[in-house]
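# Topology and contacts: notes
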Amino acid sequence: MKRLVSTDLDFDAQLDELVSHSREVSSDIGDTVAEIISDIKSNGNKSLLELTNKFDNNQLTINNLLVSDAEIEIAEKSISVDLKEAIQLSYDRVTAYHLKQIPEDLIYKDQLGIELGFIWNPIESVGIYVPGGTASYPSSVIMNAVPAKVAGVENIVMTTPANNGKINPLVLYAAKIAGVDKIYKVGGAQAIAALAYGTATINSVDKIVGPGNAYVAEAKKIVFGDVGIDMVAGPSEILVIADAGKDPKIIAADLISQAEHDISAQSIFITNDISLSQSVENEVAEQLVSLPRTEIATQSWTDNGAIILVENIDEAIRISNKLAPEHLELMVDNAKTHLKNVKNAGAVFLGVNTPEAIGDYIAGPSHVLPTSKSARYSSGLSVFDFLKRTSIVECSFDNLNKIGFAAKDIAVNEGLDGHARSIDYRLTKK
């Protein structure tokens, strides 16, 4: 675990090293994934079934790749009332938040009387990838499907790997609540290929969203251009900024909440209080011992964690902007007054009573957020990821004569005489 002090002479070099440090798992899987995609494109269902049974410990047939209504009904009956209510509350809150994002069309006339504007239309079909197998990620279903549904996507298809032919019941229930139209028991790069190019069983979609392992991420990179993708998500990360008087126990817990995701996850703590920095370091070590996922979280903290001591909170935020974290907790006095200085962050959690984990499940915004410093130029998943904006232009004869001559001159200068003629043939001759 790295310890940095902003007053050290080599602090800038240490910080640059921390910022540039790659946490991606280095693996040469490009050729393997490309071969899987090629197999699906060439052989469709045959390869899809073979790869699904090979990699996901299944003995499925083409006829039961699609989750049936009966399977969803059985899953629903197996879930406790408390969990159903929790999923419903998550759905309600995430829906309410994203309804606020729906934009309006705009048509107007400029000073010359030319009609301009834009209209919004939803993407017609979307594929959602949800990690699966023995794990359960109903939150991934909600956080990906709800923004698409709110945007008006007509066809939402979900793929998730089954284990011995089974999908976690809570994942199926979340998909039902969120309005997913079809669910397929398919995972890995083969699922991404099927969603991108289609088979006799799975129709191709226009955009693919959702997290996955290295094979899924690589597959999304390869199919991008043929279909849209949300992002290529890297390992999870959190940055906590706290000042004097804050509870080291909850700070440590928040740091560990990301470290337990993956050995490549990153947790960073910045403070202007040396006593708090030491207390947090001790508390992290103590809490890691009793954590069920202690091996993962300990390696993540050891390899990628950092505690940075600064002179003031303004300096802490400048460092945060350089790190561009996926999750930023401002556990400081008068947190909102510092918000205006935050330029690069996937999501910001204000105050001591707003743990990042509440955003993972139930706060409202989608928890699909930019990682690996991509918050410098991108945003978290939202309604806008499932909408297309179309520009509108309408000129009258008089309008065209007011601006057409300038457009023709530019076209001629660019050597595009066909463009110039298409304008010139409409203009009033001088």
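These remarks concern the structure in this document. (Residues numbered from 1 in each chain as written. Predicted model: local features only at pLDDT ≥ 70, side-chain atom pairs only at ≥ 80, totals over all residues. Heavy atoms only, no water.)

### Quick notes on the sheet that holds strand E14 (residues 387-394)
- Within the open sheet, the three strands sit side by side as E2-E3-E14. Their pairing is antiparallel. The sheet is open, and its two borders are formed by strand E2 (106-109) and E14, each paired with just one other strand. For this sheet, the mean angle separating the axes of adjacent strands, direction not counted, is 15°.
- As defined by bridge partners, E2 adjoins strand E3 (residues 115-122) across four bridges and the pair is classed as antiparallel. Within E3, the position partnered with Lys109 by the bridge is Glu115. (Pairing = 2+ DSSP bridges. Helix = DSSP H or I, 4+ residues; strand = E, 2+ residues; numbered from the N terminus. Axes fitted to C-alpha atoms, helices over the stretch in contact; angles between N-to-C directions.)

### Description of the pattern of salt bridges
- Across all of its chains, the model carries eleven salt bridges by this definition.
- Lys185 serves as the salt-bridge partner of Glu71, at 2.7 Å between the closest nitrogen and oxygen. Of this pair, Glu71 sits in helix H4 (residues 69-77) while Lys185 sits in the loop between strand E6 (182-184) and helix H8 (188-197), and the two are 114 residues apart along the sequence.
- Residue Glu71 is classed as partly exposed on the basis of its relative accessible area, which comes to 25%.
- In this structure, Glu73 and Lys77 form a salt bridge, with 3.5 Å as the shortest nitrogen-oxygen distance. Within this pair, Glu73 and its partner Lys77 are both found in helix H4, separated by four residues, close to a single helical turn.
- Because the salt bridges share partners, they merge into one network encompassing Asp243, Lys246 and Asp333. (Salt bridge = Lys/Arg side-chain N within 4 Å of Asp/Glu carboxyl O. Buried < 20%, exposed > 50% of the residue type's maximum accessible area, 1.4 Å probe, protein only.)

### A few points about the packing of aromatic side chains
- If you walk through the whole model with that rule in mind, you get two aromatic pairs.
- Their ring planes at 85° and their centres at 6.3 Å tell us that Phe118 and Trp120 sit as a pair that is edge-to-face.
- Ring pairs connect the aromatic residues Phe118, Trp120 and Phe384, which therefore count as one cluster.
- Positioned above the aromatic ring of Tyr197, the side-chain terminus of Lys41 is 4.5 Å from the ring centre. (Phe/Tyr/Trp six-rings, centres within 6.5 Å; stacked < 30°, edge-to-face > 60°. Lys NZ or Arg CZ within 6 Å of the ring centre and 35° of its normal.)

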